[in-house]
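For reference, the chains in residue letters:
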Amino acid sequence: MPTSSTPRNILPWMVITLLGVAAVGGIALNRGEPVNSLWFVTAAVCVYALGYRFYSAFVAAKVLGLDGTRATPAERFEDGRDFVPTNRWVVFGHHFAAIAGPGPLIGPTLAAQFGYLPGTLWILIGSVIGGCVQDFVILFCSIRRDGRSLGQMARDELGPIGGNMAMLGVMCIMIILIAVLGLVVVNAMKHSPWATSTVGATIPIAMLVGFYMSKLRPGRVIESTVLGVSLLLLAVWSGGVIDHHAGFRDWFDYGAEPLAFMVIAYGFAAAVLPVWLLLAPRDYLSTFMKLGTIAALAVAIIILHPEIKMPALTRFVDGTGPIFGGKLFPFVFITIACGAISGFHALIASGTTPKLLANEADARFIGYGAMMMESFVAIMAMVAATVLDPGVYFAINSPAGVVGKEAAEVVAKISAWGFPVTVEQMRELAREMGETTLYARTGGAPSLAVGMASLFGSAFGQGMLSLWYHFAIMFEALFILTTLDAGTRVARFMLQDVLGNWIPALGRTSWYPGVILTSGLVVMGWGWLLYNGVIDPLGGINSLWPLFGIANQMLAGIALCVATTIIVKNGKLRYAWVTGVPLAWLLIVTSTAAWQKLFSPELRIGFLAHARDLSEQLAAGELPANQAGMAPQLIFNDYLDAGLTGLFIMVSWVLAFETLRVCRAIVANRPHPPSSESAHIPSRLVEEWVRD
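In this text, all values refer to a predicted model and were calculated from it rather than measured experimentally.

The next point concerns a nonpolar patch on the surface. The grouping of Ile10, Leu11, Met14 and Val15 at the surface amounts to a nonpolar patch, some 360 Å² of accessible area in total. Relative to the helices and strands, Ile10 resides in helix 1 (residues 7-29).

Before going further, it helps to spend a moment on the pattern of salt bridges. Summed over the entire model, instances satisfying the criterion amount to 18 salt bridges. Among the salt bridges present, the one from Arg148 reaches Asp156, with a minimum N-O distance of 3.6 Å. Since its relative accessible area comes to 21%, Asp156 is described here as partly exposed. The closest approach of N and O atoms between Glu157 and Lys569, which form a salt bridge, is 2.8 Å. On the criterion of sequence distance, the pair formed by Glu157 in helix 7 (residues 150-158) and Lys569 in helix 24 (residues 545-569) is long-range, its members being 412 residues apart. Residue class for Glu157 comes out buried when judged on its relative accessible area of 0%. Look at Lys569 and you get buried, because its relative accessible area is 17%. Among the charged side chains, a network of salt bridges with common partners joins Arg70, Arg144, Glu360 and Glu677.

This next bit is on the side chain of Arg70. Relative to the assigned elements, Arg70 resides in the loop between helix 2 (38-64) and helix 3 (73-76). Engagement of the side chain of Arg70 in a polar contact is seen with the side chain of Glu677, the distance being 3.5 Å. Among the polar contacts made by the side chain of Arg70, one reaches the main-chain carbonyl oxygen of Ser678 at a distance of 2.6 Å. The residues touching Arg70, leaving out its near neighbours within four places in the chain, are Arg144, Glu360, Glu677, Ser678, Ala679, His680, Ile681 and Ser683.

About the thresholds
Every chain is numbered on its own, with residues counted from 1 as its sequence reads. For this predicted model, a pLDDT threshold of at least 70 governs which residues receive local features, and a threshold of 80 or more governs which side-chain atom pairs are given and counted, while totals over whole chains, interfaces and linings are taken from all residues. With hydrogens and water excluded, all non-hydrogen atoms of the structure serve as input to the side-chain values. Note on patches: the residues involved have over 30% relative accessible area and no salt bridge, like charges join within 9 Å, and the nonpolar side chains Val, Leu, Ile, Met, Phe, Trp and Tyr join within 5 Å. Note on areas: these come from Shrake-Rupley sampling with a 1.4 Å probe, and a residue is covered only by the protein chains present in the view. What counts as a salt bridge is simple: a side-chain nitrogen of Lys or Arg found within 4 Å of a carboxyl oxygen of Asp or Glu. The secondary structure listing takes helices from DSSP runs of H or I that are at least 4 residues long and strands from runs of E that are at least 2 residues long, numbered from the N terminus. Classification of residues uses two cut-offs on accessible area relative to the type maximum, computed with a 1.4 Å probe and protein chains only: under 20% is buried, over 50% is exposed, and between them is partly exposed. N or O atoms within 3.5 Å of each other form a polar contact, as long as, within protein, one can give a hydrogen and the other can take it, and as long as residues adjacent in sequence are counted only when both atoms are side-chain atoms. Contacts are assigned to residue pairs with any non-hydrogen atoms lying within 4.5 Å of each other.

Encoded structure:
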């Protein structure tokens, strides 16, 4: 992108740079003094503005060479179901909604255990030079390769060894990630009529908007948006009415098992129905809810500018934290995934989004820009968690097995750590939030909801804390479900790519029997894990939680291997550092974390150590009867976790060595897999329609 060097153009960016440096410095260098939360918003806005304006423009122009005159897969393979040229704002909404799952909300909340500083710096730096770049480059690569999935691109560009390993690893990781997302959604909506009714209402609303936008009034994006957003706001308001109405409440009050089946059925529908009918409009409308809520949270922070109460670094950086075991390095980089860099994004960027994008030039806005917005969500989540009293934060997030089950025992232990909290304080907070108790509400979501409710209540109405709390729970469920539906469709694309290598008909997205078969197989895979998770709180998918962050970051490493190889093949060896640097960092982080999860002697960290300890206690008869009955399942889960961790780290390093091998062959002019980039075909789409 050409830039002007006139003082009028340079001065605003100099001001933004200085303001950003001051804000980041104020966050990083303050010791022993309260930090105003307004500095977090300022730092984020300045860093993201500079990153998008300069770094993304550099990547677009020098590294990739975007070409707006080139026909995209959406235009060339338009089929009315998967390949559909779509308005750029709708695509942005779909892409943002699909990538913005639990990571930017839950990860920063849990990572606050270490203090506000490590997570905040990782979110800001990691996103600009890592996460945004990965999403942007993978989206570009998929557009240039007929919208192929990440696994298929790995096979095409790296050859059969690296490609097959990548496809195996990606499919396994994908099934686990979707199952975990499903569990989070079920837990968020369980016995929450507000969340269930509102999330349920978004499905018919999306289908109405999709029909209106695509068939009734094609291209009328503004009209469709007004209609959809109005109905969405009505659904949110109605959810509150339902939640407080004794008769209506029972209609939407479901336990975990029926909700699991509903989520499974929705995932199948989202995978097989035309993308314009359900997936794209629902994600587009969900984006208004997501961005609207985050914008309101930012406004509340600007109005109130509360002080951050969590210290910059806590005593738990040594790995003794109550919420999860492990030292600051590498576990802060594993816990915060989607807010900084996430492999799941690469699946969306090589799944649904390249099949909708009508103009290649918009890849920067959608790929880099949507990830930047998600990173801002992570900053807001960090603020919402750290403005709570640290004692309250730890009382909500610490499991009963660590801090005890009785209220007096919990507050005594947490206060002894130097984070004072009282039984009366926790009782009053639970009453204000409309809950019976807030102790041991692990997972990050409840404490995030409490933080959001406190800010919203102080800014917009203190007397409605219960309403704000339940709104935040509903918001989190809606946030995550949009990732699950897109993830299921992407997994279907990946499975079709894999099976298409042996049965070509199954690889065609236009062949509906193949679509239904592969969608059913994918949903059966993650649905089985989800169901076992909700019926067995001591096993099933819950045992896979420790793998979530590691698997996600390893998937990002696979994506960056493919991206680096393609950049070198395109004759841009001098720019390979753009993806090579974050790739090297992720290999270091994930390998360290995986090694510790496998072989650490600490029972809270090492899978194998925990399994051995349980086995020895079981054999010696030292376990109480109730624990002895659960022990075999827990031991199996530990070994399953260890096996999957070993598989994922093996896949990551095989891909890394294959990347080095292919890149060396390219530089030395030795035989290597040829580029799979499709030929240039001029676009015939009407510019005004595409970009209105």
